[in-house]
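Listed here are the chains, written in short residue letters.
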Amino acid sequence: MRKKQALYESDFMHEIMGDTIRPGGVDLTEKAILLAHLPKKAKVLDVGCGCGVTMDLLANRFGYHVTGIDPSQKLITKALKRNAGLNIILGKGENLPFEDNAFDGVICECSLSVVDNADLTLAEMARVLKKKGKLIISDLYIKDSQMDNKVENSLDCCQNGVMIKDKIIETVRKYNFLICLWQDCSESLTQLICQMIMNGHSIQDFWSNVTSCGALSCQVKYGYYLMIAEKK
Ligand SMILES: C[S@@+](CC[C@H](N)C(=O)[O-])C[C@H]1O[C@@H](n2cnc3c(N)ncnc32)[C@H](O)[C@@H]1O
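Residues numbered from 1 in each chain as written. Predicted model: local features only at pLDDT ≥ 70, side-chain atom pairs only at ≥ 80, totals over all residues. Heavy atoms only, no water.

**Observations regarding the environment of G18**
Alright, step 1. Mapped onto the elements, G18 comes out in the loop between α1 (11-17) and α2 (25-36).
Alright, step 2. For the pair G18 and V53, spaced 35 residues apart in sequence, the C-alpha to C-alpha distance is 10.0 Å. (Helix = DSSP H or I, 4+ residues; strand = E, 2+ residues; numbered from the N terminus.)

This is the structure we're talking about:
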């Protein structure tokens, strides 16, 4: 099967979304941060920070001390071109180069579904969070639980790790988190698809940019969620 370029690095996605490479944009981040009630001057880690738009928002609008980590040199270069002052480390969520209990908050937007190992990434995020620290995740999920087995490991694209709601919650709980909020935000996915169509693309264009097994992808009912959890 032909491997595709990661969607989040593609010109196609940047043309549609700009530097916020996911559904919901800055509005969803702002909403999530207000719901998370982080302390003043909180130390926050952005796992899979991409082009650093969320980092900018957290520092400038909320006054937090923000660190980002991402394995894509291409996206980090973009982030630093926009704001040379951002503190971004080249690395992966599966191996966070920080001490235990270092952060008040960890944010992970549309990145858990693309990491190589979501379990390990969640374990690492739990490790670097302080007790009562907040984990903020927004991401794609599979709405139709019957599709899960069929989809798992069958997509050769950046959506390999998309899970059903129950599995996400179960995995997060396994790492000593209390789920404070789960909200379906699928309207942001609809908005993104509309934006894509307004830009002259079709759903087929989208799937052919994402994967070479487009037909299967089209059968899956995706949603988008926001979750806030607290480290026990
Ligand atoms: C869909 S983009 C989202 C980027 C950013 N969070 C945003 O909201 O615009 C997914 C991001 O996850 C990053 N990523 C891929 N594998 C990763 C890993 N193993 N650990 C951490 N981040 C990863 C990608 O480089 C990319 O920046």
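**Things to note about the pairing of strand β1 (residues 43-47)**
Residues in a regular strand project their side chains so that they alternate between the two faces of the sheet.
Alright, step 1. Judged by how many residues are buried, β1 sits mostly within the fold: four of five residues are covered.
Alright, step 2. In this sheet, strand β2 (residues 65-70) lies alongside β1 in parallel orientation, the contact comprising five bridges. In the sheet register, V47 faces β2, and the bridge partner there is I69.
Alright, step 3. Handedness of the crossover joining β1 and β2 through helix α3 (residues 53-60): right-handed.
Alright, step 4. Taken together, the three bridges between β1 and strand β4 (residues 103-109) define a ladder with parallel strand orientation. If you follow D46 over to β4, its bridge partner there is I107. (Buried < 20%, exposed > 50% of the residue type's maximum accessible area, 1.4 Å probe, protein only. Pairing = 2+ DSSP bridges. Right-handed = clockwise from strand over helix to strand, strands pointing away.)

**Side note on the nonpolar core**
Alright, step 1. Ranked by internal contacts, the top residues of the largest apolar core, which has 44 residues, are M13, I33, L58, Y64 and I136.
Alright, step 2. At the level of elements, α1, α2, α3, α4 (73-82), β5 (129-142), α8 (186-198) and β8 (222-231) are the ones that each hand at least two residues to this core.
Alright, step 3. Residues in contact with I136, not counting those within four places in the same chain, are A32, I33, A36, V106, I107, C108, L226, M227 and I228.
Alright, step 4. L96, V115, V172 and F177 belong to the second largest nonpolar core, which has 29 residues in total. (Core = buried A, V, L, I, M, F, W, Y, C linked by side-chain atoms within 4.5 Å. Contact = heavy atoms within 4.5 Å.)

**A closer look at the packing of aromatic side chains**
Alright, step 1. Applying the stated criterion across every chain yields a total of five aromatic pairs.
Alright, step 2. For the ring pair F98 and F103, a centre distance of 5.2 Å and an interplane angle of 90° mean the geometry is edge-to-face.
Alright, step 3. A residue is classified by how much of its surface remains accessible, and F98, at 16% relative accessible area, is buried.
Alright, step 4. With a relative accessible area of 3%, F103 lands in the buried category.
Alright, step 5. Here Y141 and Y225 contribute two aromatic rings whose centre-to-centre distance is 5.8 Å and whose plane-to-plane angle is 75°, an arrangement assigned as edge-to-face. Here the residue Y141 occupies a position in strand β5, and Y225 occupies one in strand β8, the gap between them amounting to 84 residues. The same class applies to Y141 and to Y225, which are both buried.
Alright, step 6. An aromatic cluster of three or more residues is present, and its members are Y141, W182 and Y225.
Alright, step 7. Positioned above the aromatic ring of F103, the side-chain terminus of K43 is 5.8 Å from the ring centre. (Phe/Tyr/Trp six-rings, centres within 6.5 Å; stacked < 30°, edge-to-face > 60°. Lys NZ or Arg CZ within 6 Å of the ring centre and 35° of its normal.)

**Some points on the site of the ligand**
Alright, step 1. Surveying the vicinity of the ligand reveals 20 residues, the closest of which are I21, R22, G48, D70 and G93.
Alright, step 2. A distance of 2.4 Å separates an oxygen atom of the ligand from a polar side-chain atom of R22.
Alright, step 3. Take D70: an N or O atom from its side chain is 2.6 Å from an oxygen atom of the ligand.
Alright, step 4. In isolation the ligand exposes 590 Å². Once the protein is present, 95% of that is buried.
Alright, step 5. Here the shell around the ligand is built from residues that sort into eight nonpolar, six polar and six charged. (Near = heavy atom within 4 Å. Polar contact = N/O pair within 3.5 Å; in protein donor to acceptor, adjacent residues only side chain to side chain. Areas by Shrake-Rupley, 256 points an atom, 1.4 Å probe, with all protein chains shown as cover. Nonpolar A, V, L, I, M, F, W, Y, C, P; charged D, E, K, R; others polar.)

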